[in-house]
Amino acid sequence: MKGKIAATLFGLPFLAVGAWMLVSIAGTLADAVAMRDWVAVPATLEDAGYRERLTDDSPTYEAYARYRYEFRGHSYTGTRVAISGGSDNIGSFQQDTGRWLADLLANGAGVTAWVDPREPTSAVLDRRVRWGLVAFKSVFVLAFGGAGAAILYFAWRRRPASAAGAGAPADAPWLANSEWQSPTLRSGSRQAMWGAWLFAVFWNAISAPLPFLAWQEIVEKDNKLALLALLFPLVGLGLLAWAIRRSLEWRRFGAAPLTLDPFPGAIGGDVGGTIEVGCGYDPGARYELTLTALRSYVSGSGKNRSRRERAEWQDSQLAWAEPHGDGTRLAFRFDVPDGLAESDARRDGDSWRLWRLNLRAELTGADLDRDYDIPVYRTAARAVALPARGLALAAERGTALGEERLLERFRVMRDAGGARVLFPAGRHAGGALAGLAVGGSFAAAGWFIATQGGSPLFGSVFGGIGALFALGCLYALTNSLEVFQDGTELVSLRRILGLPVRRRSLQRHTVRGFRRHSSMQTQSGSRHVMHVSLYASDAGGNEIIVGEGLRGASETAAAERYVARLFGLRIDAPAAGRDEDPLAADA
């Protein structure tokens, strides 16, 4: 309850600001509608111009006027210039209007006043709606009001994950999580959909006025640096597309509940179950599942604290699909090695463990994209109600797919000297080119800021970070790895732009095992991909890299078997090498 009260006290000011701006916008629009019936009468200016008010941030301006007019035989004095009163610096409306009125006054020209026939003491000179000001206030309505409403909603509607924890027995610790009370679990898709819309609306509300403000800076003040502001609305359009995609996905596939068998998932046993997908059965569809063991932890300190996730073990497979009513039922089963960390039912503190199941399928129309946080414990239990023949067929298809993907990672060549495995340059072309474009853009922007924007220190730091990022992507794009047999040696040769830069070798007969190392991880939303490098090692601890860019435990194990068979290595046991990386456990 204390947490809810604290969240309420934190969220109410945000909600109040949004509500205040909403009332202001509503008042402006109501006045504009009412003024349609006001009557135009000639008026004489007595005083006019604009005032400048100095503030700590930037000056604001307010157009003013005093004018006389007659209506139905009576004389009145008015001071209202526009619908919205007060001073601001949104655009140049106040200065332009003040100058216009001052010129009329200096030339002795009259002006038209709009008078309320029901209340002749009320008049205005400009009854147009300032849509730029309305858009500016809308930012506060959506950003501050939306944030405040979201804080209050989640504070009072969200059930804590440990709500059921008080009575959880020692032999069933997963029951401490209110979401893990039965084998049937829901995905986080619905929350992700609303989160996508909330973030997209928030971002676009903040960035919507930027094109108008940037246009004024670019055209009137010749400030080319303001072009950078246009990146934010472009990102906003991408976020809207993302939110729409999430909505279409939810509408097509529904809740897609997961039923675990066994419950909970078992370390040293099976993590399996069925998923009911709300779309018609398609025999050609390929549903891919990825199971990942993760550590969630807090990084940084003070204002720089942030929560991150790191994958510690991962495996992928194809699900067995069959018709089920009007939809499709998927079945799967992972064989999980022992030695991995259990799920934490109570997610408190700075660090905890979790297991996540990702389901992906590229289909005609909206693609399937679901994530499930599931309980996995050291029970060594096995599945009992899954279709054994269907899973065996799915495993065969998965093995064939794995071999196809494995051969996509490298090329195998044979010559008089024996076999050669080449991980060619450009194998990371998609991500490397995208990263190179981003890094290059940041470097160029930093150069422009340093040389043209009058901020050499900030521009140098900004551009330097972009340049380093671009160089890393350039290396990923241009380096290659070749593994080959040279007489009695197994050789690993690294090249950049075709030029050799590092050569390592081991005697083939001394190789006794492999070591796996997760050299890089990428994350898209809640999905993690472990990129694994594979090292061949001898009894003395010497090692050379023989593979990289591998994904998941099954693919890495397949690469070990393939490399050992290709070069005639006598490995003591599959995945014999062990290191600090839990991925070293064989699937």
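Computed from a predicted model, the values in this text were never measured in an experiment.

Colleague: Looking at this structure, how should I read the overall build of the chain?
Modeller: When its secondary structure is counted, the chain shows ten helices and 24 strands. With 587 residues in all, the chain has 41% of them scored as buried. Of the contacts made within the chain by residues no fewer than 6 positions apart, 65% connect residues no fewer than 24 positions apart. Accessible surface computed for the chain: about 31000 Å², of which carbon and sulfur atoms make up 57%.

Colleague: Sorry if this is basic, but what is going on with the pairing of strand E3 (residues 74-78) here?
Modeller: Two faces belong to every sheet, and in a regular strand the side chains alternate between them. Where strand E2 (residues 60-71) lies against E3, five bridges are found, and the strand directions are antiparallel. Looking at the pairing, Glu-70 lines up with Ser-75 of E3. Between the end of E2 and the start of E3, which pair antiparallel, lie two residues, with Arg-72 showing a positive phi angle near 55 degrees.

Colleague: Teacher, can you tell me more about the sheet that holds strand E13 (residues 327-335) here?
Modeller: Consider a sheet: its strands pair through backbone hydrogen bonds, and that pairing is either parallel or antiparallel. With antiparallel pairing, the five strands of this open sheet are ordered in space as E6-E7-E9-E13-E12. With partners counted over all chains shown, the strands left at the sheet margins are strand E6 (184-185) and strand E12 (320-324), one partner each. Where strand E9 (residues 270-277) meets E13, eight bridges bridge the pair, whose relative direction is antiparallel. Bridged to Gly-272 within E13 is Arg-333.

Colleague: How should the nonpolar core be read in this particular structure?
Modeller: Soluble globular proteins tend to pack their nonpolar side chains together in the buried interior. Ranked by internal contacts, the top residues of the largest apolar core, which has 39 residues, are Leu-258, Ile-275, Tyr-287, Leu-291, Trp-355, Leu-357 and Ile-374. Element by element, the count of residues in this core is highest for strand E14 (residues 351-361), at four residues. Listed in part, the 31 residues of the second largest apolar core include Leu-294, Phe-410, Leu-534 and Val-546.

Colleague: Help me understand the side chain of Thr-292, please; the structure alone is not making it clear to me.
Modeller: Along the chain, Thr-292 falls in strand E10 (residues 288-299). Residue class for Thr-292 comes out buried when judged on its relative accessible area of 1%. Side chain to side chain, Thr-292 and Gln-314 meet in a polar contact 3.0 Å long. With residues near it in sequence (within four places) discarded, Thr-292 still touches Ala-311, Trp-313, Gln-314, Leu-354, Trp-355, Arg-356 and Asn-358.

Colleague: Would you mind going over the packing of helix H8 (residues 429-451) against helix H9 (residues 456-478) with me for this structure?
Modeller: Helix packing for two helices is described by the angle between their axes and how far apart those axes are. At a minimum axis distance of 7 Å, the contact between H8 and H9 shows a crossing angle of 160 degrees. Of the possible angle classes, the one that applies to H8 and H9 is roughly antiparallel. For the crossing formed where H8 meets H9, the hand is left-handed.

Colleague: Explain the pairing of strand E17 (residues 411-415) here, please?
Modeller: Pairing of E17 with strand E18 (residues 418-423), which is carried by five bridges, proceeds in the antiparallel orientation. By the bridge assignment for E18, Arg-411 is matched with Leu-422. Where E17 folds back on E18, the antiparallel hairpin that results is connected by two residues.

Colleague: Just checking my understanding: could you explain the packing of helix H7 (residues 388-409) against helix H10 (residues 552-567) for this structure?
Modeller: Viewed as axis vectors pointing N to C, H7 and H10 meet at an angle of 70 degrees, and their least axial separation amounts to 10 Å. The pairing of H7 with H10 is recorded here as roughly perpendicular in orientation. When H7 is examined against H10, the residues Arg-405, Leu-406, Leu-407 and Arg-409 are found in contact with a partner set consisting of Glu-555, Ala-558, Ala-559 and Tyr-562. Taken together, the residues that form the contact of H7 with H10 break down as five nonpolar, no polar and three charged.

Colleague: How should I be thinking about the packing of aromatic side chains in this particular structure?
Modeller: Aromatic ring pairs: the centre-centre distance and the angle between the two ring planes describe each pair. Tallied over the entire structure, the rule returns eleven aromatic pairs. Over the ring of Phe-484 we find Arg-420, and its NZ or CZ is 4.3 Å from the ring centre.

Colleague: What am I meant to see in the side chain of Glu-548 here?
Modeller: Relative to the helices and strands, Glu-548 resides in strand E24 (residues 543-551). Side-chain polar atoms of Glu-548 contact the side chain of Arg-494, separated by 2.9 Å. Those residues in contact with Glu-548 that sit more than four places away from it in its chain are Phe-423, Arg-427, Asn-479, Leu-481, Arg-494, Val-532 and Ser-533.

Colleague: What am I meant to see in the pattern of salt bridges here?
Modeller: Side-chain pairs of opposite charge can arise where the charged atoms are in close proximity. By the definition in use, this model includes 27 salt bridges. For Asp-88, the salt bridge identified is with Arg-130, shortest N-O distance 3.0 Å. Of this pair, Asp-88 sits in the loop between E3 and helix H2 (93-106) while Arg-130 sits in the loop between strand E5 (119-124) and helix H3 (131-157), placing them 42 residues apart in sequence. Comparing Asp-88 with Arg-130 shows no difference in burial state: the two are buried. Across the salt bridge formed by Arg-420 and Glu-482, the nearest N and O atoms sit 2.5 Å from each other. Residue Arg-420 is found in strand E18, and its partner Glu-482 is found in strand E19 (residues 479-486); the two are separated by 62 residues along the sequence. Its relative accessible area of 24% is what places Arg-420 among the partly exposed residues.

Colleague: Got a minute to help me understand the environment of Tyr-64 in this structure?
Modeller: Topologically, Tyr-64 is positioned in strand E2. In the structure, Tyr-64 is positioned 38 residues away from Ala-102 in sequence and 9.4 Å away in space, judged by C-alpha atoms. Among all residues touching Tyr-64, those that are not within four sequence positions of it are Asp-47, Ala-48, Gly-49, Tyr-50, Arg-51, Val-81 and Leu-101.

Colleague: I keep staring at the environment of Pro-120 and nothing clicks. Help me out?
Modeller: Tracing the chain through its elements places Pro-120 in strand E5. For Pro-120, a relative accessible area of 18% translates into the label buried. Once the C-alpha coordinates of Pro-120 and Tyr-76 are considered, the two residues, 44 residues apart in sequence, prove to be 7.8 Å apart. Residues within four places of Pro-120 in sequence aside, it is in contact with Tyr-69, Phe-71, Tyr-76 and Val-115.

Conventions used here
Residues numbered from 1 in each chain as written. Predicted model: local features only at pLDDT ≥ 70, side-chain atom pairs only at ≥ 80, totals over all residues. Heavy atoms only, no water. Helix = DSSP H or I, 4+ residues; strand = E, 2+ residues; numbered from the N terminus. Buried < 20%, exposed > 50% of the residue type's maximum accessible area, 1.4 Å probe, protein only. Contact = heavy atoms within 4.5 Å. Areas by Shrake-Rupley, 256 points an atom, 1.4 Å probe, with all protein chains shown as cover. Pairing = 2+ DSSP bridges. Core = buried A, V, L, I, M, F, W, Y, C linked by side-chain atoms within 4.5 Å. Polar contact = N/O pair within 3.5 Å; in protein donor to acceptor, adjacent residues only side chain to side chain. Axes fitted to C-alpha atoms, helices over the stretch in contact; angles between N-to-C directions. Parallel < 35°, antiparallel > 145°, perpendicular 65-115°, else oblique. Left-handed = near helix turned anticlockwise from the far one by under 90°. Nonpolar A, V, L, I, M, F, W, Y, C, P; charged D, E, K, R; others polar. Phe/Tyr/Trp six-rings, centres within 6.5 Å; stacked < 30°, edge-to-face > 60°. Lys NZ or Arg CZ within 6 Å of the ring centre and 35° of its normal. Salt bridge = Lys/Arg side-chain N within 4 Å of Asp/Glu carboxyl O.

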